[in-house]
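Each chain, letter by letter, is given below.
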Amino acid sequence: MHDILTDDTSRWRAVENRIIHILERYGYREIRFPVVEKTELFKRSIGEATDIVSKEMYSFTDQGDDSLTLRPEGTAGCVRAVLQNSLLQQNALRLWYMGPMFRREQPQKGRTRQFHQVGVEVFGLEGPDIDAEIILLSARIWRDLGVPGLVLQLNTLGTSVARQNYRRVLVDYFTANQDQLDADSRNRLQNNPLRILDSKNPAMQELIGNAPVMTDHLDPESSAHFSALQALLTGADIKFVVNPRLVRGLDYYNKTVFEWSTDRLGAQGTICAGGRYDGLVEHFGGKPTPAIGFALGLERLVELVGVVATHADGPDVYFIVAGEHAVAAGISLAERIRDQLPVRVVLHCGGGSFKSQFKKADKSGARLALILGEAEVKQEMIAIKPLRQDAPQVEVGWDGLIPALQLALGL
Ligand code: ATP
Ligand code: MG
């Protein structure tokens, strides 16, 4: 679990703000739900046999003997919140959320135990139009942030019936070739065989390459849905690769699944992943409601974006105040500046000589210093000293401070 320090938070915030701006432009609205839920919620949605539930959750028993878990992902909590608050009265509910998720994974580059996601969930729409919309929305995020070279992979998992049939075929195939499975995959054979397709083990790639593909076991409805989605994406100029072996680590997906990935981040190259989960709402006792969503990983995205255009990190003005009366006058002058100008003003606190305050002003990266000593207070004057360019210090009366700052800062 990492700290995100002051030099990075402005980068993070710039990325977050641009994503939020895009989400709002597509008519998605923010929902916030707790970081902690009943453990049962995740077991019942993500699936007992998944890596997340079987070994990665931070679960604990609270003082009332309830088993609670730090959320490992957002969809389950979002569905719970939507049901509990009867939000499904609206027939096209477009939501987004952002925040920390927790999984006790093996930490490595691009994989942390607390990480942050932006999630999108849409309820009440069967698609494939909405499937295309959320993919277009994600593509706009990459474009807006100037992230090139992300590859979109698409697959369909079919209806749950088709998926069950395919699962049987897959179990037969891997059972017949059990000697070639690694320990992990042998474990998955009975409880989560689709995940074997997801294995990154080089020694198993040939076996996986020859495995039966979902596409050959699809039901006609999912097949039509998938072709229509591809046509919509092609029409919208979105490039994609159909990968019949793309599966997701969570149990609740059906029909459309997709991932955006890059080869520029090493092994953890998936930036964003999502898909349909048409059965989940009903599974939790709601009326049958189709749904689709995705989650994007902010750590990986921020890393990929590198430097985004943020404003310089230093303040515009460092306000030097030396002497008791200067402090009192400085506090109110700084407030006056903040009232009237859209600038960042750091007021020196903690006293000290002019010399030591000047050092701090310099270090702060401020564009200019304001200087107020006891002598200036007596005359109701203040000095303005440019710190980043070779220009003379000027003195102005307090009444002339705002226009003088406007001039000096080019406002
Ligand atoms: P991965 O295959 O990378 O483990 P996943 O299938 O577990 O991903 P999802 O649960 O679909 O991922 O989460 C969506 C996105 O959240 C991922 O594509 C990734 O960008 C990010 N993500 C997931 N787990 C982590 C983690 N432990 N650390 C950082 N980012 C993560
Ligand atoms: Mg994972």
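Residues numbered from 1 in each chain as written. Chains lettered and ligands numbered in written order. Predicted model: local features only at pLDDT ≥ 70, side-chain atom pairs only at ≥ 80, totals over all residues. Heavy atoms only, no water.

Trainee: Report on the site of ligand 1, specifying residues and quantitative values.
Mentor: Of all residues adjacent to ligand 1, which total 16 residues, the nearest are Arg103, Glu105, Arg111, Arg248 and Thr270. Interatomic distance of 3.0 Å between a side-chain N/O atom of Gln117 and an oxygen atom of ligand 1. In the model, an oxygen atom of ligand 1 is placed 2.9 Å from a nitrogen or oxygen of the Thr270 main chain. Contact with the protein chains hides 89% of the accessible area of ligand 1, taken as 580 Å² for the molecule alone. Elements represented by at least two residues in the shell around ligand 1 include exactly β6 (114-123), β10 (270-276) and β11 (291-297). Residue contributions to the shell around ligand 1 peak at four residues, all from β10. Across the shell around ligand 1, the residue classes break down as six nonpolar, five polar and five charged. (Near = heavy atom within 4 Å. Polar contact = N/O pair within 3.5 Å; in protein donor to acceptor, adjacent residues only side chain to side chain. Areas by Shrake-Rupley, 256 points an atom, 1.4 Å probe, with all protein chains shown as cover. Helix = DSSP H or I, 4+ residues; strand = E, 2+ residues; numbered from the N terminus. Nonpolar A, V, L, I, M, F, W, Y, C, P; charged D, E, K, R; others polar.)

Trainee: An account of the domain arrangement of the chain is requested, with residue identities and associated values reported.
Mentor: When its domains are assigned, the chain resolves into domain 1 (6-159 + 219-304), domain 2 (160-216) and domain 3 (315-409). Listed as interface residues are 15 residues of domain 1 and, on the opposing side, 18 residues of domain 2. Taken together, both faces of the contact between domain 1 and domain 2 bury some 1,400 Å²; the carbon and sulfur share is 48%. Considering only the side of domain 1, the residues that lose the most area to domain 2 are Thr159, Arg245 and Val247, jointly responsible for 42% of the buried surface there. If you look at where domain 1 meets domain 2, you find two salt bridges. Taking the shortest distance from any N to any O, the salt bridge between Arg188 and Asp51 comes out at 2.9 Å. Counting across the domain 1 and domain 2 interface gives nine residue pairs in polar contact (both at pLDDT 80 or more). Here the side of domain 1 that touches domain 2 is built from residues that sort into five nonpolar, five polar and five charged. (Domains from an automatic or database assignment. Contact = heavy atoms within 4.5 Å. Buried area = accessible area lost by both parts, 1.4 Å probe. Salt bridge = Lys/Arg side-chain N within 4 Å of Asp/Glu carboxyl O.)

Trainee: Residues and numbers for the nonpolar core, please.
Mentor: Membership of the largest hydrophobic core comes to 47 residues, with the highest contact counts inside it found for Cys78, Phe123, Phe174 and Leu197. For this core, the secondary-structure elements that each account for two or more residues are α2 (39-46), α3 (51-56), α4 (75-84), β5 (93-102), β6, α6 (160-176), α8 (205-209) and α10 (280-283). Residues within four places of Phe174 in sequence aside, it is in contact with Leu181, Leu189, Ile196, Leu197, Leu207 and Ala211. Counting 40 residues, the second-largest nonpolar core is a separate cluster that includes Trp96, Val118, Leu229 and Phe258. (Core = buried A, V, L, I, M, F, W, Y, C linked by side-chain atoms within 4.5 Å. Buried < 20%, exposed > 50% of the residue type's maximum accessible area, 1.4 Å probe, protein only.)

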